[in-house]
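Listed here are the chains, written in short residue letters.
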Amino acid sequence: MIKAILDPQFQPMVEVVNSYKKAVAEAGGVPLTIAVQRNKGYISTYSLDVYADGTGHDEENYGIVERIVKTLLWVYGGYKVTVAGSKYLYEKIAAAYKKGGAREFDADFMAKVYETDFVVDYVENAADAPKEYQAADPVGRHLDGCRIGFDAGGSDRKVSAVVDGETVYSEEVVWFPKLQSDPDYHYQGILEAMKTAASHMPRVDAIGVSSAGVYIDNKIMIASLFLKVSDEDFEKKVKTMYLDVAKEIGDVPVEVANDGDVTALAGAMDLNDTNVLGVAMGTSEAAGYVDSQGNITGWLNELAFVPVDFCRDAMVDEWSGDYGCGVKYFSQDSVIKLAPAAGIELDESLSPAEKLKVVQGLMAQGDERAAKIYDTIGVYFGYAIAYYAMFYDIKHVIIMGRVTSGEGGTIVLARANEVLEKEFPELAQKIVLHIPDEKSRRVGQSVAAASLPKIK
């Protein structure tokens, strides 16, 4: 195993799961299937052999299976987990996802997204588990007609007027959505942007929206842009906001997608290929995926909450209360976390973004301590890609976000590639890692957003 130079206790999830599978195979195990069900009856499944209940390995089984259940939920999304093949594991998972359980945060989040209670079910035999049921409507890559592409960021909003695939107008406007409790602020900002774009075209045929958050059937389920808005106002005014704004522009098709998915779509369009996983390392870890058909899947792809480090002493995410999750490995938090180990003291009065800038400044000066931080993140990322590949079919990984800017990003990419080549040669032959340049990303994002809806 390649060591994470500043984090000697790092235990990559992929290594732990593979070692466990090998040990079970040698000892002789029993089949287990986990199924997670989400909207429209879609079901994602994962099967593996585990030690039989009551053979002295119950806690070892749970340690692995609990992490896999969590991964499935945050990759695919779901309000119902079925554990098939182990009564013990069912009871432990059910207890963890109950009120007061270790995974109460995850259960509450999923219940809110899918607007239904979160449940854990038991099936005695793995063979009788719910069967995989996936479908992805073709979304994106539609470039005909006059389209608006809107990208809602936390610090600025971008809008483009796109005619037959060409951007004829584009603007960025600074705004402060996360500080506003009045949803009319957001509504008017979005409406103004769309009206501006519309004024640069003879007509509007379709509207595509890229925005951070979770969207189900074009409705806003959870989004950090509306952090200060009350629950009551969220239900009344926010949930259908993009649809409501679009009605003011005209009776045209609208498609709203998570910004991570739109970034992956932009990358797929740029590469003219499929099976693209996009990972943005910024304030948090954001991700998106384009499948083998070139479609956005409707999966959650919330990799910030997916565990990548099995070490129980790993840093805990303040929001979910869980350890070893992606947010602390692939964001500005990771840079800040690793700085003391690198011998870099950061002024505690600085904001996280300012602390990142200090490290980036040192990196630009060729500081070896800063290089070690990016080297460590690169090792994290190489192993994380191998773990993600257990759940995604990947041909391309696109990395972006402020953590990957400059020489630091080059080190992250090179080290991740080295991990794949040495530890996972089969994956290294299949997966190509990319860092897009800023210009193609910005222009590509707005065109990709505009391409989301199909004109009837």
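A quick note: this is a predicted structure, and the numbers were derived from the prediction, not measured. (Residues numbered from 1 in each chain as written. Predicted model: local features only at pLDDT ≥ 70, side-chain atom pairs only at ≥ 80, totals over all residues. Heavy atoms only, no water.)

Enquirer: Help me understand the sheet that holds strand 2 (residues 43-50), please; the structure alone is not making it clear to me.
Expert: Whenever strands of a sheet pair, they do so through backbone hydrogen bonds, lying parallel or antiparallel. With respect to topology, four strands assemble into an open sheet ordered 2-1-3-4, the strand pairing being mixed. Every interior strand has two partners, whereas the edge strands, strand 2 and strand 4 (119-123), have only one. Each strand of the sheet is rotated relative to its neighbour by a mean of 20°, with strand direction disregarded. In this structure, strand 1 (residues 30-37) lies alongside strand 2, joined through eight bridges in antiparallel fashion. Looking across to strand 2, one finds that Val-36 is bridged to Ser-44. (Pairing = 2+ DSSP bridges. Helix = DSSP H or I, 4+ residues; strand = E, 2+ residues; numbered from the N terminus. Axes fitted to C-alpha atoms, helices over the stretch in contact; angles between N-to-C directions.)

Enquirer: Just to check I follow, could you spell out the packing of helix 1 (residues 13-27) against helix 11 (residues 368-388) for this structure?
Expert: Two quantities define a packed helix pair, namely the angle between the helix axes and the distance between the axes. Helix 11 packs onto helix 1 with a crossing angle of 50° between their chain directions and a minimal axis gap of 8 Å. On the basis of the axis angle, helix 1 is oblique to helix 11. In this structure, helix 1 contributes Met-13, Val-14, Glu-15 and Val-17 to the contact, and helix 11 contributes Tyr-383, Ala-386 and Tyr-387. Here the residues of the contact of helix 1 with helix 11 sort into six nonpolar, no polar and one charged. (Parallel < 35°, antiparallel > 145°, perpendicular 65-115°, else oblique. Contact = heavy atoms within 4.5 Å. Nonpolar A, V, L, I, M, F, W, Y, C, P; charged D, E, K, R; others polar.)

Enquirer: Would you mind showing me how to read the pattern of salt bridges here?
Expert: Oppositely charged side chains may form a pair once their charged atoms are brought near each other. In the structure shown here, the tally under the stated rule is 29 salt bridges. With a shortest N-O distance of 3.0 Å, Asp-156 and Lys-158 are connected by a salt bridge. Taken as a pair, Asp-156 and Lys-158 share a single burial class, namely buried. For Lys-239, the salt bridge goes to Glu-235, with nearest N and O atoms at 3.0 Å. With relative accessibility at 8%, the residue Lys-239 sits in the buried group. (Salt bridge = Lys/Arg side-chain N within 4 Å of Asp/Glu carboxyl O. Buried < 20%, exposed > 50% of the residue type's maximum accessible area, 1.4 Å probe, protein only.)

Enquirer: Please explain the packing of aromatic side chains as it appears in this structure.
Expert: Counted according to the given criterion, the structure contains 31 aromatic pairs. For the ring pair Tyr-383 and Phe-424, a centre distance of 5.9 Å and an interplane angle of 85° mean the geometry is edge-to-face. Of this pair, Tyr-383 sits in helix 11 while Phe-424 sits in the loop between helix 12 (406-423) and helix 13 (425-430), placing them 41 residues apart in sequence. For the pair formed by Tyr-383 and Phe-424, the shared burial category is buried. (Phe/Tyr/Trp six-rings, centres within 6.5 Å; stacked < 30°, edge-to-face > 60°.)

Enquirer: Any chance you could explain the sheet that holds strand 11 (residues 254-258) here in plain terms?
Expert: Pairing within the open sheet is mixed, and its five strands lie in the order 7-6-5-8-11. Since the sheet does not close on itself, it has two edges, and those belong to strand 7 (166-174) and strand 11, each with one partner. Within the sheet, the average angular offset between the axes of one strand and its neighbour, ignoring direction, is 15°. As defined by bridge partners, strand 5 (residues 146-152) adjoins strand 8 (residues 206-211) across six bridges and the pair is classed as parallel. Residue pairing in the sheet places Phe-150 in a bridge with Val-209 of strand 8. Strands in contact with helix 5 (residues 183-198) are strand 5, strand 6 (156-163), strand 7 and strand 8; relative to strand 6, the strand with the most contacts, it is inclined by about 30°.

Enquirer: Sorry if this is basic, but what is going on with unusual backbone geometry here?
Expert: Residues other than glycine predominantly adopt negative phi, and peptide bonds predominantly adopt the trans conformation. A positive phi angle is found at Lys-40, which is not glycine, with a value near 60°. In this structure, Asn-275 takes a positive phi of about 55° despite not being glycine. Turning to its location among the elements, Asn-275 is positioned in the loop between helix 8 (259-271) and strand 12 (276-281). Residue Asn-275 is classed as buried on the basis of its relative accessible area of 5%.

Enquirer: Just to check I follow, could you spell out the pairing of strand 11 for this structure?
Expert: One face of the sheet, then the other: side chains in a regular strand alternate in exactly this way. Among the five residues in strand 11, four count as buried, and that is most of the element. Alignment of strand 8 against strand 11, held across five bridges, turns out to be parallel. Looking across to strand 11, one finds that Val-209 is bridged to Val-256.

Enquirer: Quick question: what am I supposed to make of the packing of helix 1 against helix 2 (residues 58-76) here?
Expert: Closest axis-to-axis distance for the helix 1/helix 2 pair is 11 Å, and the angle between their directions is 135°. Comparing their axes, helix 2 and helix 1 come out oblique. The two elements helix 1 and helix 2 cross, and the hand of that crossing is left-handed. Across the interface between the two elements, Met-13, Val-16, Val-17 and Tyr-20 from helix 1 touch Glu-60, Asn-61, Ile-64 and Arg-67 from helix 2. Its residues assigned to classes, the contact of helix 1 with helix 2 shows five nonpolar, one polar and two charged. (Left-handed = near helix turned anticlockwise from the far one by under 90°.)

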